[in-house]
2 protein chains.
Amino acid sequence: MSDFPKPLARADATAQLEALAGGAISAKALLAEHLEAIARRDAALGCFWHLDPEGAMRQAEEADQRRLAGEARPLEGLFLAVKDNIDVRGMPTTAGMATRRGRIAADDAEVVRRLRAAGAIILGKLSMHEAALGADNDNPHFGRCHNPHRLGYTPGGSSGGSGAAVAAGLVPIALGTDSMGSVRIPGAYCGVFALKPSLGLVSTRGVVPVSARLDTVGWLARSARDLRLFLPILAGFDPSCPSSREIPLAAVAPPERLLALHPQGDCEPKVREAFARALAACRSIAARIAEEALPDGEKLARWRRAGLLLCEAEMLNVHEQDWRERPDLFSDRLRSMLRFAEARSAAELARALLRIDEARCFLFERLAEAEALIMPTTPQRAFAFGAPVPADQADYTCLASLAGCPALQVPIAMEAGELPAGVQLIGRPGSEAHLIALAEALASAFEPSIHAIEPVP
Amino acid sequence: MSDFPKPLARADATAQLEALAGGAISAKALLAEHLEAIARRDAALGCFWHLDPEGAMRQAEEADQRRLAGEARPLEGLFLAVKDNIDVRGMPTTAGMATRRGRIAADDAEVVRRLRAAGAIILGKLSMHEAALGADNDNPHFGRCHNPHRLGYTPGGSSGGSGAAVAAGLVPIALGTDSMGSVRIPGAYCGVFALKPSLGLVSTRGVVPVSARLDTVGWLARSARDLRLFLPILAGFDPSCPSSREIPLAAVAPPERLLALHPQGDCEPKVREAFARALAACRSIAARIAEEALPDGEKLARWRRAGLLLCEAEMLNVHEQDWRERPDLFSDRLRSMLRFAEARSAAELARALLRIDEARCFLFERLAEAEALIMPTTPQRAFAFGAPVPADQADYTCLASLAGCPALQVPIAMEAGELPAGVQLIGRPGSEAHLIALAEALASAFEPSIHAIEPVP
């Protein structure tokens, strides 16, 4: 059994499933490893807001029995954790909001139902930025979540707990949500892979909404190949989910034409350096690489603010009763965002929709000429809690969100002791499998390997 | 040549193309028939706001030469006309608005470009409701368009000129636009077939926008088979059109499960009667027909108003300069609609978006159980100019608009001298060809044939 890294809880999900299938480990024993890692590290990290060891043990025993009976399902005995805005039956769903403290989900979200039906086991619920509307994960109601690479630093957000838990080896895969960049930003800051699928490919039913026009459920993992595991399980039309669409999944093809979008203006030099290295690796993969500059920061900020206003205005309705009755339970920052949106007119929101259309056309015109775009995921790496929060965290991620395109965050390792950076691949709706294959090729073309990113032990 | 009805200008487009292909008539001679019909009837009807006989003659000569040279394209020498909110190079595009009087289009809209590339010839521009935001076509700036079945009655709107021109035999097919029902309502009032395609299937680039989230270009024709002619030519992804989507067109399958949605409350008895007859005809076509009641009028009106607010708020931006500089050039009715929208908040518009989501789920949950829905197109038939304009004209059509689904209006003939009624078939995105096949089957199952609807000579 020396093929499998020890402890197995630190391996990727594909290796864990192989070990389970080969009888190298039981689900019960794997669970014990996960619980040991969580017990040892999570007090300092703050990833888990809710942990269900008893429920997980029951399900692990069932998984072992099924496997023994030859009835193992594709994800039988795989443990994962879920961002705290996604309903898991019997667990709280706070969405990081004080107003929702103690609200217990009556049903599984559609994504959780599908993963459980495939044999996966939910260990618990993960830390997130308040209301999923921000990216530092410094949650004033439920506490900070720390970056496993450097305590005292943000893991990014809003799916910060998901990024940190995967990077720290607490779980191999975690679910997050991404409306403007919320799985990709923690993926970049924590040095893990993250996939935001095409808008509408994966049901968001049972997820506390930010914007039905932008919300996606995504997943974060320690390897590119792991991203593939969930794709056939989570993709599927859901007539009761307003954003759901029938999106045919395209087959994988050899890389042909990539378009590199170079950052302008305010982009950290280390991120530029990581992007240049990724681009060099791409040259050994793709037949042709075209290059152009990203729009300037002013235009990107205008697009990002348009998406943000849409989120805020929809949230005024989603949380309407809480907002009317207990505005004091909202943080100062969230309150000022919602107050801002309250003072906007319908015509201003409609203008934001037209700006979103503009961003969409920007991306699709480029995707007509290239199978995928490559650009940095964020203009900066993780920053210290207490430092000013950059306004442009989502400037690069919002593009794929506004266009409804899939985007895949690839971690880029820096020198020892340095925080990782990230680049993202963006494709046409339904091109997820192709992006995953590209990310795998990119990861293996790297020297040093991006797998060299190891969480602080 | 006795196979072809005479005059050919009164036949459907498929018959005209057959006559052109077989040499029974030249494009020049066909044009003369169209111009004769227009000269004889349009002074009373008011369909054409702009007619280009010289340009059409030049193109007819070219079409005849191409055919002689064996280079005929699919629509070679077919004449059609276009609603006045769709750009045709060198012709005005008023959108029925006084503010746009005399604005000449520099380029063809994408749909016009595609039709011309397929050999079609644009005869001119057709009457419409002011700004495409209303359905009586009583345009205060450019004049009324009359229903060919009864002068002094509305042809419906906002593509009223398109419905009237096709019903009167002036052109076999006309382009319209449909954001909330604007090709289907005139289809129903004028007794012609009309297809509103899936949102995003057909580019709206070069069309004066109402709402990028609802606008579609549709077409009206004298036969169900004619609707098929434009489908392969107009369907196609356009990266520069914000609403454009890659929608795979489904193949035609035998009718299996239909769901009939029965009107409640305020629906004219003659429309109910027409719907009952259509449903009886369906029983000879489809294997199974389920039935349920439409939501009550209050809910339908709430959904319709949500769509309307989205249109109005987007129009405040699209026509922003005209609205600021020349509000006096807007009709009282349009002015009061835009003033209403100006006073709404972003949260109210976001609430409208959530209501649109609700309508979308209503339709998709039913389309998960049935391949197509059948329901009346409008709660009423055409009414006299001067009579109060019913508020609920778009209550039945807005459903497919809000959901982004294709919808096909089928005309139902009444007793001699009675105005026609309409039923609509609604399918999943991409099911256009199937809806057309269903409409053909339905039309041929009818006694008396719906082809018995003949325009007043």
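Placed above this text is the structure.
Residues numbered from 1 in each chain as written. Chains lettered and ligands numbered in written order. Predicted model: local features only at pLDDT ≥ 70, side-chain atom pairs only at ≥ 80, totals over all residues.

Novice: How should I be thinking about the overall build of chain A in this particular structure?
Specialist: Counting its regular elements, chain A contains 14 helices and 13 strands. Taken over C-alpha atoms, the radius of gyration comes to 20 Å for chain A, in line with the 23 Å a tight globule of 457 residues would show. Oriented by its inertia axes, the alpha-carbon framework of chain A measures out at about 60 × 60 × 45 Å. Considering chain A as a whole, with its 457 residues, one finds that 60% of them fall into the buried category. Excluding contacts between residues fewer than 6 apart, the proportion of contacts in chain A whose partners are at least 24 apart in sequence is 75%. (Helix = DSSP H or I, 4+ residues; strand = E, 2+ residues; numbered from the N terminus. Rg over C-alpha atoms; globule rule 2.2 N^0.38 Å. Buried ≥ 20, exposed ≤ 12 C-beta atoms within 10 Å, placed from the backbone. Contact = placed C-beta atoms within 7 Å.)

Novice: What's the story with the interface of chain A and chain B in this structure? I'm lost.
Specialist: Note on interface size: it is often stated as the accessible area lost on association of the parts. Contact with chain A, which involves 28 residues of that partner, is made by 29 residues of chain B. Looking at the side of chain A that touches chain B, the elements with two or more residues in it are helix 9 (297-318), helix 11 (332-342) and helix 12 (346-367) of chain A. Element by element, the count of residues in the side of chain A that touches chain B is highest for helix 12 of chain A, at 13 residues. The residue makeup of the side of chain A that touches chain B, split by class, is 17 nonpolar, 3 polar and 8 charged. (Nonpolar A, V, L, I, M, F, W, Y, C, P; charged D, E, K, R; others polar.)

Novice: Sorry, what's going on with the relation of the copies chain A and chain B here?
Specialist: Two copies of the chain are present, and they differ by a rotation about an axis and a shift along that axis. Its rotation angle being 180°, the transformation that places chain A on chain B also includes 0.0 Å of axial translation and leaves an RMSD of 0.0 Å. In symmetry terms, the pair is related by a two-fold rotation axis. Of the residues that chain A buries at the interface, 100% are likewise interface residues in chain B, meaning the two copies contact each other through the same surface. (Least-squares fit on C-alpha atoms with pLDDT ≥ 70 in both.)

Novice: Please explain helix 8 (residues 269-283) of chain B as it appears in this structure.
Specialist: For an α-helix, 3.6 residues make a turn, and residues three or four places apart therefore share a direction. Residues and elements named next belong to chain B. Compared with the 21 Å implied by 1.5 Å per residue over 15 residues, the 21 Å span of helix 8 between its first and last C-alpha is a close match. Where helix 8 is concerned, the buried positions are Val271, Ala274, Phe275, Ala278, Ala281 and Cys282. Taken end-on, helix 8 shows its buried residues confined to a sector of 115°, consistent with a single buried face. With respect to the buried face of helix 8, the exposed residues turned more than 90 degrees away are Pro269, Ala280 and Arg283. Turning to helix 8, the residues buried within the fold contact strand 9 (257-262), strand 10 (288-293), strand 11 (372-376), strand 12 (407-412), strand 13 (421-427) and helix 14 (432-445). (Expected span 1.5 Å × (residues − 1). Arc of directions from axis to C-beta.)

Novice: I keep staring at helix 4 (residues 110-117) of chain B and nothing clicks. Help me out?
Specialist: Among all positions in helix 4 of chain B, only Glu110, Val111, Val112, Arg114 and Leu115 of chain B are buried. At the C-terminal side of helix 4 of chain B, Gly119 of chain B shows a positive phi close to 105°.

Novice: Explain the sheet that holds strand 7 (residues 193-196) of chain A to me, please; I cannot follow it from the model alone.
Specialist: Sheet strands pair by backbone hydrogen bonding; their relative direction is either parallel or antiparallel. All names here are of chain A. Spatial strand order, 1-3-2-6-8-7-12-13-11-9-10: 11 strands in an open sheet with mixed pairing. On the outer flanks of this sheet lie strand 1 (48-51) and strand 10 (288-293), each paired with one strand and no other. Here the average twist between neighbouring strands, direction ignored, is 25°. Bridge count between strand 7 and strand 8 (residues 217-221): 3 bridges; the pairing is antiparallel. When the sheet's bridge partners are listed, Ala194 is paired in strand 8 with Leu220. (Pairing = 2+ DSSP bridges. Axes fitted to C-alpha atoms, helices over the stretch in contact; angles between N-to-C directions.)

Novice: Help me understand the pairing of strand 9 of chain B in this model?
Specialist: Regular strands place their side chains on alternate faces of the sheet. Residues and elements named next belong to chain B. Pairing of strand 9 with strand 10 involves 6 bridges; the strand directions are parallel. Counted as the bridge partner of His262 is Ala293 from strand 10. A crossover connection joins strand 9 to the parallel strand 10 through helix 8; in handedness this β-α-β unit is right-handed. Relative to strand 11, strand 9 is paired through 3 bridges, and the arrangement is parallel. Paired with Leu259 across the two strands is Leu373, which belongs to strand 11. (Right-handed = clockwise from strand over helix to strand, strands pointing away.)

Novice: Just to check I follow, could you spell out the packing of helix 7 (residues 224-234) of chain B against helix 14 of chain B for this structure?
Specialist: All names here are of chain B. Taken N-terminus to C-terminus, the directions of helix 7 and helix 14 make an angle of 165°; their axes are 8 Å apart at the nearest point. The orientation of helix 7 relative to helix 14 falls into the category roughly antiparallel. Where helix 7 crosses over helix 14, the two elements pack in a sense that is left-handed. Taken together, the residues of helix 14 that come into contact with helix 7 (itself represented by Ala224, Arg225, Leu227, Arg228 and Leu231) are Glu432, Ala433, Ile436, Ala439, Glu440 and Ala443. (Parallel < 35°, antiparallel > 145°, perpendicular 65-115°, else oblique. Left-handed = near helix turned anticlockwise from the far one by under 90°.)

Novice: Where do I start with the sheet that holds strand 1 (residues 48-51) of chain B in this structure?
Specialist: Residue and element names in this part refer to chain B. With mixed pairing, the 11 strands of this open sheet are ordered in space as 1-3-2-6-8-7-12-13-11-9-10. Of all strands in the sheet, those bounded by a partner on one side alone are strand 1 and strand 10. Taken over all neighbouring pairs, the strand axes of this sheet differ in orientation by 25° on average, direction set aside. Where strand 1 and strand 3 (residues 121-126) come together, 3 bridges link them in antiparallel fashion. Paired with Leu51 across the bridge in strand 3 is Gly124.

Novice: Whenever I open this one, the environment of Gly200 of chain B confuses me. Can you help?
Specialist: Looking at the element boundaries, Gly200 of chain B is found in the loop between strand 7 (193-196) and strand 8 (217-221). Remark: the alpha-carbon pair of Gly200 of chain B and Gly430 of chain B, spanning 230 residues in sequence, is separated by 9.9 Å.

Novice: Got a minute to help me understand the environment of Gly187 of chain B in this structure?
Specialist: Residue and element names in this part refer to chain B. Note on placement: Gly187 falls in helix 6 (residues 184-190). Note on Gly187: 38 C-beta atoms within 10 Å, which makes it buried. Sequence separation of Gly187 and Ala368 is 181 residues, and the distance between their C-alpha atoms is 27 Å.

Novice: Please clarify how unusual backbone geometry should be interpreted in this entry.
Specialist: Excluding glycine, residues mostly carry a negative phi; peptide bonds, for their part, are mostly trans. Residues and elements named next belong to chain A. In the segment running from Gly157 into Ser158, the intervening peptide bond is cis, with an omega of 5°. Backbone geometry at Ala131 places phi at a positive 60°, although glycine is not the residue there. Mapping Ala131 onto the fold places it in the loop between strand 3 (121-126) and strand 4 (138-139). Judged by the 27 C-beta atoms lying within 10 Å of it, Ala131 falls in the buried class.

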